[in-house]
Amino acid sequence: MDNSKRTVVVTGFGPFGEHTVNASWVAVQELKKLGLGSEVDLHVSEVPVEYQTVQSLVPSLWKQYRPLLVVHVGVSGMATTVTLEKCGRNHGYKGLDNSSFCPDSQCCIVGGPDCIDSVIDMESVCKRVTASGLGVAVSVSKDAGRYLCDFTYYTSLYLSHGRSAFVHVPPLGKPYSGEDLGRALQAIVREMLELLDQAEEKIHCQQHFH
């Protein structure tokens, strides 16, 4: 693997309930077509809407690719904007998944903190993407919904010490097409990488001066 390239993994979810075509996976496939430029090695993965699969798949993605960043994308029937989630929560998982299962503990990681924030400043990503005149509305949220989206996000945040992100997209056509959502994801992930680079530079500067 080319070490000068930065690796990014982006996931979308498979079908569930009324979402026979999951807008998140459509959007991620559109992002894959667009790419993130020649300096980023982009891998995409479809995640089944099952707690137990998430518990094994998310760690394996981190282990296999050793990415700089993992961005999970999910659909929200209530969303009308592309929504950046600031944090994942550990408790309150009562909704049954596609296998009619939910964790007995109703939590992601027994003994883990109640809430983990992403190291990425979502307000800043939101402002920067909005200012770029993309034509897709972007907002920020503090509640990823206590279902597989939130469960996946928390699991990834826990494993990566916060170096993960979650983006909720509206269902297709309400109002955006898959192509629109793909473009939005491309802009969002690029801004996230930019912020991570800036944070890295700050750390290097501080080490240099001490």
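Residues numbered from 1 in each chain as written. Predicted model: local features only at pLDDT ≥ 70, side-chain atom pairs only at ≥ 80, totals over all residues. Heavy atoms only, no water.

Asker: How should I be thinking about the nonpolar core in this particular structure?
Answerer: The nonpolar side chains of a soluble globular protein tend to be buried, and buried together. Counting residues in each nonpolar core, the largest one holds 61 residues, and the members touching the most others are Val71, Leu84, Ile120, Val167 and Met192. The element contributing the most residues to this core is helix H5 (residues 178-209), with 10 residues. Those residues in contact with Ile120 that lie beyond four places of it in its chain are Leu69, Val125, Ser164, Ala165, Met192, Leu195 and Leu196. (Core = buried A, V, L, I, M, F, W, Y, C linked by side-chain atoms within 4.5 Å. Buried < 20%, exposed > 50% of the residue type's maximum accessible area, 1.4 Å probe, protein only. Helix = DSSP H or I, 4+ residues; strand = E, 2+ residues; numbered from the N terminus. Contact = heavy atoms within 4.5 Å.)

Asker: Please explain the pairing of strand S2 (residues 40-47) as it appears in this structure.
Answerer: It is a general feature of regular strands that their side chains alternate between the two faces of the sheet. As paired elements, strand S1 (residues 6-13) and S2 share eight bridges and run parallel to each other. Pairing of Val8 across the sheet is with Leu42, part of S2. Taken together, S1, helix H1 (residues 23-34) and S2 form a β-α-β motif whose crossover is right-handed. (Pairing = 2+ DSSP bridges. Right-handed = clockwise from strand over helix to strand, strands pointing away.)

Asker: I keep staring at the side chain of Asp97 and nothing clicks. Help me out?
Answerer: Locating Asp97 in the fold gives a position in the loop between strand S5 (87-89) and strand S6 (115-117). With no salt bridge to any partner, buried Asp97 finds its closest opposite charge in Arg146, at an N-O distance of 16 Å. From its side chain, Asp97 meets the backbone nitrogen of Tyr51 in a polar contact 2.9 Å long. For Asp97, the side chain forms a polar contact with the main-chain nitrogen of Ser99, separated by 2.8 Å. Apart from the residues lying within four places of it in its own chain, the contact partners of Asp97 are Val49, Glu50, Tyr51, Tyr147 and Leu148. (Lys, Arg positive; Asp, Glu negative; His and termini not counted. Salt bridge = Lys/Arg side-chain N within 4 Å of Asp/Glu carboxyl O. Polar contact = N/O pair within 3.5 Å; in protein donor to acceptor, adjacent residues only side chain to side chain.)

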